[in-house]
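Listed here are the chains, written in short residue letters.
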Amino acid sequence: MLTGHAVHMTQRPIGTATTDQFRIVELELAPVGEGQALVRNLLLSVDPYMRQLMSEGWPLNAPLGMGRAIGVVEQSRSLRLPEGTLVFHTGGLQTHVVLDADEPGVRRLVVHEGVELQSYLSILGGTGLTAYVGLTKVLAVADDDIVFLTSIAGGVGVAAAQIARRLGAAKIVGTAGTDAKCALAVDVLGADAAVNWKTTSVRDFLSEHVGGNLSATLDGVGGEQLEAAIEASARHARIAIVGGISQYDASAPWAPPRNFQDIHFKALSVRGYAVRDYAELREEAEDFLVPLLRSGEVVDRVTVSEGFSEVPAALVGLLQGSNTGKAIVCLTPRYTVHAA
Ligand SMILES: NC(=O)c1ccc[n+]([C@@H]2O[C@H](COP(=O)([O-])OP(=O)(O)OC[C@H]3O[C@@H](n4cnc5c(N)ncnc54)[C@H](OP(=O)(O)O)[C@@H]3O)[C@@H](O)[C@H]2O)c1
């Protein structure tokens, strides 16, 4: 019998998620059938949307699916995924998985020379694509734009700041939850200024740095940071809403911005989007980012937790801002990973 390990959620969090609501369990895997492959996971992605799955979507006392991962094929009965192949899939938070080779979300991973494997879960993965789509398609950032990025030192933010710079934004400002992350945003990611939202008013920061001239916002935080963006926006500014992490833990419904009326008064364009609707742009984003990564003009940042037992802590930590760049759990010492 094939076995591995999975994470179970034993209790649904109300408010803040805690590690004691999860446990690691042994997992019995089905035998590898025709057209299937047994994959040993190397890298697991932990993401903010998983907080929403904790409230609704993930069953209790069952493996936590719907998570992106990179693994290697260990047994195969599929010509599409021969043994030794690197695979990208969405099989979730477990050490091993038996995949149908033609399942949606399963693809053979083609690694570009000079690019780290972890980058396919970060800047070349869903978070990088989210940033690319937000800036190039939803906001269509151009030369004269003054850009505001919430959570600028997170997975999406790291990619977004650097892409905005490459698109020629006139000014880039952002928020992060520590002074060190703010320094990274300015010193490494090319932002003009960043503010620690835990110690300083984002409203005052935007007033000082952009006045009322903000033209493009990419927001994944919501709440007061979105309100501050609306307040600092110029007439006809664009706001792309990609999430609302400040609201994910809340037991009450999402708080709409209290200055909602300014969307009308300032004729703002506010547009939500989901990266899953833009999967066909992955190659375009890779064509844009891979040469920049190779030349060092764009850098990746990840926070790596080592070992499968760290999955609950990585997940809970992400919701408390413990990550810089993309949060990843590494299950093997075989691949080199560079921490932030
Ligand atoms: N729609 C889509 O297709 C899509 C795809 C990918 C991501 N997203 C969304 O984009 C946003 C960023 O995702 P990501 O993967 O890049 O995550 P991330 O920024 O790497 O990690 C989450 C960060 O959010 C910040 N945070 C946590 N709790 C917060 C709170 N209560 N208030 C304000 N900030 C808080 C923390 O950073 P700091 O405290 O340092 O700011 C934390 O590090 C999330 O809302 C996510 O759901 C959406």
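Residues numbered from 1 in each chain as written. Predicted model: local features only at pLDDT ≥ 70, side-chain atom pairs only at ≥ 80, totals over all residues. Heavy atoms only, no water.

Description of the sheet that holds strand 11 (residues 214-219)
What counts here: Pairing between strands is defined by DSSP: at least two bridges between the two strands are required. Numbering goes from the N terminus for both helices and strands, where a helix is a DSSP run of H or I of at least four residues and a strand is a run of E of at least two. To get an axis, a line is fitted to the C-alpha atoms, and for a helix only the part in contact is used. The angle between two axes follows their N-to-C directions and goes from 0 to 180 degrees.
Strand order in the open sheet formed by six strands is 10-9-8-11-12-13, and the pairing between neighbours is parallel. Each having just a single partner strand, strand 10 (193-196) and strand 13 (269-272) make up the two edges of the open sheet. In this sheet, adjacent strand axes meet at a mean angle of 15 degrees when their direction is disregarded. Taken together, the four bridges between strand 9 (residues 171-176) and strand 10 define a ladder with parallel strand orientation.

Notes on the layout of surface pockets
Over the atoms rolls a probe the size of a water molecule, and its path tells where empty space is left. Worth spelling out the cut-off: Within this scheme a cavity is a closed region of a 1 Å grid, computed over the protein atoms alone, that accommodates a 1.4 Å probe without allowing it to escape, whereas a pocket is open but has protein on both sides within 12 Å along at least five of seven lines; lining residues each have an atom within 4 Å of a point. Grid points are joined across faces, edges and corners, and a volume is the space filled by probe spheres set on the points. Here the nonpolar group is Ala, Val, Leu, Ile, Met, Phe, Trp, Tyr, Cys and Pro; Asp, Glu, Lys and Arg are the charged ones; every other residue, Gly included, is treated as polar.
The computed volume of the second largest pocket comes to approximately 190 Å³. In terms of lining residues, the second largest pocket is bounded by 14 residues, among which Glu 116, Ser 119, Leu 293, Val 299 and Asp 300 are the most central. Partitioned by chemical class, the residues of the lining of the second largest pocket number five nonpolar, five polar and four charged.

Remarks on the site of the ligand
As a reminder, the rule being used: Proximity criterion: a residue is near a molecule or strand once any of its heavy atoms comes within 4 Å of it. N or O atoms closer than or at 3.5 Å make up a polar contact, with two conditions inside protein: a donor-capable atom paired with an acceptor-capable one, and, for residues adjacent in sequence, both atoms drawn from side chains. Accessible areas in this description were obtained via Shrake-Rupley with a 1.4 Å probe; residue shielding takes into account the shown protein chains only. Note that the domain bounds reflect an automated or database-derived domain assignment.
Around the ligand, a shell composed of 27 residues is seen, among which Val 156, Gly 177, Gly 220, Val 275 and Asn 323 lie nearest. Ser 151 places a polar side-chain atom, nitrogen or oxygen, 3.0 Å from an oxygen atom of the ligand. With the chains in place, 89% of the 900 Å² that the ligand exposes on its own is no longer accessible. With three residues, helix 7 (residues 245-248) is the largest single contributor of residues to the shell around the ligand. Grouping the constituent residues of the shell around the ligand by class yields 13 nonpolar, 13 polar and one charged. The residues that make up the shell around the ligand include at least three from each of domain 1 (2-121 + 300-330) and domain 2 (126-276).

Brief notes about the packing of aromatic side chains
Stated precisely, the cut-off is as follows: In this scheme Phe, Tyr and Trp rings, the latter by its six-membered ring, pair at centre separations within 6.5 Å, and the angle between planes marks the pair as stacked below 30 degrees, edge-to-face above 60, and tilted otherwise. Throughout, exposure labels follow a simple rule: accessible area from a 1.4 Å probe, protein chains only, divided by the maximum for the residue type, with under 20% read as buried, over 50% as exposed, and the rest as partly exposed. Only lysine NZ and arginine CZ atoms are considered, and such an atom sits over a ring when it is within 6 Å of the ring centre and within 35 degrees of the ring normal.
Summed over the entire model, instances satisfying the criterion amount to three aromatic pairs. Aromatic side chains Tyr 273 and Tyr 278 sit 6.3 Å apart centroid to centroid with 85 degrees between the ring planes, which places their arrangement in the edge-to-face category. Residue Tyr 273 shares its accessibility class with Tyr 278, and that shared class is buried. The positively charged end of Arg 107 is found above the aromatic ring belonging to Phe 88, 4.4 Å away from the centroid.

Section: the pattern of salt bridges
Two side chains carrying opposite charge are able to pair once their charged atoms lie near each other. Spelled out, the test is: Any Lys or Arg side-chain nitrogen located within 4 Å of an Asp or Glu carboxyl oxygen qualifies as a salt bridge.
Tallying each qualifying case throughout the model produces 11 salt bridges. When the shortest N-O distance is used, the salt bridge between Glu 284 and Lys 137 registers 2.7 Å. Placement of the pair is Glu 284 in helix 9 (residues 282-295) and Lys 137 in helix 2 (residues 126-138), with a sequence separation of 147 residues. Taking relative accessible area as the criterion, Lys 137 reaches 35% and is therefore assigned partly exposed. Of the charged contacts, one joins Arg 282 and Glu 286 as a salt bridge, the two residues approaching to 3.7 Å between their closest N and O atoms. With Arg 282 and Glu 286 both in helix 9, this residue pair falls four residues apart, about one helical turn. On the basis of relative accessible area, Arg 282 is assigned to the partly exposed category, the value being 26%. When salt bridges that share partners are traced, they join Asp 47, Arg 68 and Lys 326 into one network.

Some thoughts on the pairing of strand 4 (residues 69-76)
Here is the key point about a regular strand: its side chains alternate between the two faces of the sheet. Of the pairings in the sheet, the one linking strand 3 (residues 36-45) to strand 4 comprises seven bridges and is antiparallel in character. Looking across to strand 4, one finds that Asn 41 is bridged to Gly 71. Pairing geometry for strand 4 and strand 5 (residues 86-89), over four bridges, is antiparallel. Following the sheet pairing, Ile 70 is matched in strand 5 by Phe 88.

With respect to unusual backbone geometry
Positive phi values are uncommon outside glycine, yet Ala 140 reaches one of about 45 degrees. Relative to the helices and strands, Ala 140 is located in the loop between helix 2 and strand 8 (146-149).

Describing the packing of helix 2 against helix 9
What counts is decided by this rule: The cut-offs work like this: below 35 degrees is roughly parallel, past 145 is roughly antiparallel, 65 to 115 is roughly perpendicular, and the gaps in between are oblique. Contacts are residue-level and defined by heavy atoms, with any inter-residue pair within 4.5 Å sufficient.
Two elements in contact, helix 2 and helix 9, have axes separated by 10 Å at closest approach and are oriented at 90 degrees. In terms of their interaxial angle, helix 2 and helix 9 are classed as roughly perpendicular. In this structure, helix 2 contributes Leu 129, Tyr 132 and Lys 137 to the contact, and helix 9 contributes Arg 282, Glu 284, Ala 285 and Phe 288. For the contact of helix 2 with helix 9, a count of residues per class yields four nonpolar, no polar and three charged.

Let's talk about the domain arrangement of the protein chain
It is common to report an interface's size as the accessible area lost on association of the parts. Using the following cut-off: Computed with a 1.4 Å rolling probe, the buried area is the accessible surface lost when two parts are put together, summed over both parts.
One can read the domain layout of the protein chain as domain 1 (2-121 + 300-330) and domain 2 (126-276). For domain 1 versus domain 2, the separation of C-alpha centres amounts to 29 Å. With 18 residues of domain 1 at the contact, the number on the domain 2 side is 15 residues. Taken together, both faces of the contact between domain 1 and domain 2 bury some 1,300 Å²; the carbon and sulfur share is 55%. In terms of surface lost to domain 2, no three residues of domain 1 exceed Gln 52, Arg 301 and Thr 324, which account for 29% of the buried area on that side. Where domain 1 packs against domain 2, one counts one salt bridge.

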